[in-house]
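# Working through the structure, step by step
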Amino acid sequence: MMVAAGVGATALLAVGALFALVRMERGPSMLDRTVAFDVLTTTLVGAVAVEAALSRRIESVPILVVLSMVGFIGSVTIARFASVEPPKTDGPKRRAGRGSGPEDSGERGNS
Amino acid sequence: MIVVSDVAAALCLLLGAFFSFSAGVGVTRFDNLFSRMHVVAKPQVLGLLLLLTALALRLQDRTSVAMLLLVAVFQLMTSPVAAHMVGRAGLRTGNTGVTSPRTCDAREPEADG
Amino acid sequence: MKLTEPTGTPRRPLARFTRPWRTMALGALLWVLLWGDLSWANVVSGAVLGALVAVAFPLPSLGTAATIRPGALVHLLGRFVTDLVLASFQVAWTAVRPSAPPRGGLVEVPLRTTSELFVATTASLSSLVPGTLVVDLDRAGPTLHVHVLDLTGSGGPGAVRDATLALEERLLRAFAPQAELVRAGLVDRVVHPHVPPSEEERR
């Protein structure tokens, strides 16, 4: 029974990861890719957990800790960069002289 | 006793994997950034919590359960923060895929009295 | 139980390292959990690391005292777990059902508390629980900008605002000191007369 549940769970996780990969490839903006990346990382953590649950392997637990932390730091870093970066799309130019910090609240996108 | 915990673990595995799967589907199907972030903030977190519960039920080892608890708390704390930062970045750069971000600022005039 | 931030400047040079005792305790706890072994070496090295982190990356003081009310805390946690499961099922079903994804929208929710600690906690919790997601936060006000996945299914902007405010109220009742409750307009009785309720909060 455990093996059947493990196989089912792994299949679901694999399909979910594939969908996240599709969004990562397609995602119009950097942030969409970040979100997809977050899903992918968390799915990976889940996959390691499933494997560890099947084989009752204790050594995999620290991997889970590290992976969950790395995923968070990754997405926060990208979000930080994306909020200072000028938008990549060929939209209207927002301002000529940038160079203000990320806390510049005057650049709300009103598209 | 062992059998009961195994059944519970199997159920948690399947349910958690389903939530993870739905997060993958949602992130592909939803049509704008904010909607996609919803699946990261909610089903993904619960799915991971269920998978960790399954692992804890299978291992039944005090040290590992403590570490898994750490992962769970960490996930609960960081997931909204990450979603918030991505959302704010999207709102500020306008890269959300939403045609008009301010669709309903339905802030009624507060009747002071 | 009273948890207050230590205030004032440290007198002794060593106090700079012993003042953040909460960070040290947290560091020791995390270190013990990570190593998975409760030994004195782990506790001490964790506490030292916590102190180093507190000294190297100092955070501004929250300036808010917090109390813990066990009954209200149980209520908050119970609703949190129920809401998390319900919201996850809803979002998961919205994702995998065959029909087209619903229309979402942004709603502004003006909060009642002004304490940064409770504003931040409300934002975190409301991202996790009801069908909402905080995308921006005006510190003046303070106002949350929440995104709703299914605006019509959630009952429109008014219902969303009510749900978020109810969450804030549960949180405040669990953790906020009496003065903050009075200021937020949740309690009528003024227990601390030196903190009168502000004009706009009095209905």
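Scroll up to find the structure this text is about.
Residues numbered from 1 in each chain as written. Chains lettered and ligands numbered in written order. Predicted model: local features only at pLDDT ≥ 70, side-chain atom pairs only at ≥ 80, totals over all residues. Heavy atoms only, no water.

Moving on: the packing of aromatic side chains. Evaluated as defined, the whole model comprises five aromatic pairs over all chains. An angle of 85° between the planes, with centres 6.2 Å apart, marks the rings of F72 of chain A and F74 of chain B as edge-to-face. Taken together, the residues F72 of chain A in helix α3 (residues 60-84) and F74 of chain B in helix α4 (residues 62-93) connect one chain to another. Ring centres of F18 of chain B and F19 of chain B lie 5.9 Å apart, and the angle between their planes is 50°; this geometry places the pair in the tilted category. One aromatic cluster is present, built from ring pairs that chain together F19 of chain A, F18, F19 and F21 of chain B together with F89 of chain C. (Phe/Tyr/Trp six-rings, centres within 6.5 Å; stacked < 30°, edge-to-face > 60°. Helix = DSSP H or I, 4+ residues; strand = E, 2+ residues; numbered from the N terminus.)

So, about helix α2 (residues 21-35) of chain C. All names here are of chain C. Its 15 residues give α2 an end-to-end C-alpha distance of 21 Å, which sits within 8% of 21 Å, the value for a rise of 1.5 Å per residue. Residues of α2 that are buried include every one of G27, A28 and V32, and no others. Down the axis of α2, the sector holding all buried residues measures 130°, keeping them to one side. Residues of α2 that are buried make contact with α3 (40-56). Count one or two residues on from α2 and you reach G36, which has phi positive near 70°. (Expected span 1.5 Å × (residues − 1). Buried < 20%, exposed > 50% of the residue type's maximum accessible area, 1.4 Å probe, protein only. Arc of directions from axis to C-beta. Contact = heavy atoms within 4.5 Å.)

The next point concerns the pairing of strand β5 (residues 143-148) of chain C. Along any regular strand the residues' side chains alternate between the sheet's two faces. Residues and elements named next belong to chain C. With respect to burial, β5 is a largely interior element, six of its six residues being buried. Neither face of β5 is exposed, since T143, H145 and H147 on one face and L144, V146 and V148 on the opposite face are all buried. The sheet contact formed by strand β3 (residues 105-110) and β5 spans six bridges and is antiparallel. Within the sheet, the bridge partner assigned to P110 lies in β5 and is T143. Note that strand β4 (residues 132-138) and β5 share six bridges and pair antiparallel. Its bridge partner being in β5, D138 is matched across the sheet by T143. (Pairing = 2+ DSSP bridges.)

Contacts between the two partners involve 51 residues from chain B and, on the opposite side, 60 residues from chain A. Carbon and sulfur atoms supply 70% of the area that chain B and chain A bury against each other, a total of about 4,800 Å² over both sides. Put simply, chain B and chain A have two salt bridges between them. A salt bridge links R36 of chain B to D32 of chain A, with the nearest nitrogen and oxygen atoms 2.3 Å apart. At the junction of chain B with chain A, the criterion picks out seven residue pairs in polar contact (both at pLDDT 80 or more). Looking at the side of chain B that touches chain A, the elements that each hand over two or more residues are α1 (2-29), α2 (33-41), α3 (43-59) and α4 of chain B. (Buried area = accessible area lost by both parts, 1.4 Å probe. Salt bridge = Lys/Arg side-chain N within 4 Å of Asp/Glu carboxyl O. Polar contact = N/O pair within 3.5 Å; in protein donor to acceptor, adjacent residues only side chain to side chain.)

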